[in-house]
Amino acid sequence: ACSASQGMGVLMDPNTGEIYALATRPAYDPNNYDSFAAEQRRNKAITDYFEPGSAFKIVTASAAIEEGLITQNTLVDCENGGFNPYGHYVSDYHKLGVEPFSKCFEESSNVAIIKVARMLGPERLEKWMRAFGFGETTSRDFQRGAESPGVLRSRKNWNGLSMGSLPMGQEVGVTMLQLARAFAVIANGGKLVEPYFVDRAIASDSTIT
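Computed from a prediction, not measured in an experiment: that's the story for all the values here.

A word on the overall build of the protein chain. When helices and strands are counted, the protein chain shows 7 helices and 6 strands. When its helices and strands are written in sequence order, the protein chain yields β-β-α-α-α-β-β-β-β-α-α-α-α. Judged by the C-alpha coordinates and their principal axes, the protein chain covers about 65 × 40 × 35 Å. Per-residue burial over the protein chain gives 40% buried out of 209 residues. Across the protein chain, the fraction of contacts at a sequence separation of at least 24, relative to all contacts at a separation of at least 6, is 66%. A total accessible area of about 11,600 Å² is found for the protein chain, and carbon and sulfur atoms account for 49% of it.

Have a look at this one:
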């Protein structure tokens, strides 16, 4: 049984960015707007950010593949489930040895993704995180200041643990809509779309904008 205190979701066309549905729970009754606190009325899917964890591994993996550093068949030593690359011990739930990257990714190996990020280096890792749209707002359809850009520090502000944390979705804050857009990049073959609600506006004189 789920015991989460809140939840959110986005249903979006990955090819166009068209948002079919965007919702958070608990919600509020807009017919009784003043009966609810501002905290309850906030659209958390665009205002709140969180550490994405393993969902963020698509960025590191995609970057390394696009840069020609690995293929799905590249063998990676997962150290039998744990190692200490940057002064902090990292472990895997599924303990693996030497496996093709496709298997490492399937089992969500922290060890493997950190090793892949080391191949990329900090400059290329940051470049691809920003290429996936993290650290910026996603859409012009939201009022100015309504959407959070999340948190993605510039490389000069990373610390000694960052290359062991960022590849697996720590030390970064993302919104639900940013994460949905990032997964859309994978689904549509590599295009960063702009999520939107409004398809077109029709004026009283039938002019379409």
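Now for the packing of aromatic side chains. With the rule as written, the count across this model stands at 5 aromatic pairs. Between the aromatic rings of tyrosine 28 and tyrosine 33, the centroid separation amounts to 6.0 Å while the plane-to-plane angle is 75°, which identifies the pairing as edge-to-face. The structure contains a cluster of three or more aromatic residues connected by ring pairs, namely Tyr28, Tyr33 and Phe36. Lying over the aromatic face of tyrosine 33, arginine 41 brings its terminal NZ or CZ to 4.1 Å of the ring centre.

Attention now goes to empty space enclosed by the protein. One pass over the full model with this rule turns up 1 cavity of 30 Å³ or more. Within this model, the largest cavity holds a volume of roughly 50 Å³. Every residue lining the largest cavity is listed: Pro85, Tyr86, His88, Val90, Leu161, Gly164, Ser165 and Met168. Among the residues forming the lining of the largest cavity, the class breakdown is 5 nonpolar, 3 polar and no charged.

Its place among the elements puts serine 139 in the loop between helix H5 (110-131) and helix H6 (162-165). Since its relative accessible area comes to 9%, serine 139 is described here as buried. In contact with serine 139, not counting residues within four places along its chain, are Glu147, Glu194, Pro195 and Tyr196.

Rules and cut-offs
- Residues numbered from 1 in each chain as written.
- Predicted model: local features only at pLDDT ≥ 70, side-chain atom pairs only at ≥ 80, totals over all residues.
- Heavy atoms only, no water.
- Helix = DSSP H or I, 4+ residues; strand = E, 2+ residues; numbered from the N terminus.
- Buried < 20%, exposed > 50% of the residue type's maximum accessible area, 1.4 Å probe, protein only.
- Contact = heavy atoms within 4.5 Å.
- Areas by Shrake-Rupley, 256 points an atom, 1.4 Å probe, with all protein chains shown as cover.
- Phe/Tyr/Trp six-rings, centres within 6.5 Å; stacked < 30°, edge-to-face > 60°.
- Lys NZ or Arg CZ within 6 Å of the ring centre and 35° of its normal.
- 1 Å grid on protein atoms, 1.4 Å probe; cavity = no way out; pocket = protein on both sides within 12 Å on 5 of 7 lines; lining within 4 Å.
- Points joined across faces, edges and corners; volume = space filled by probe spheres on them.
- Nonpolar A, V, L, I, M, F, W, Y, C, P; charged D, E, K, R; others polar.

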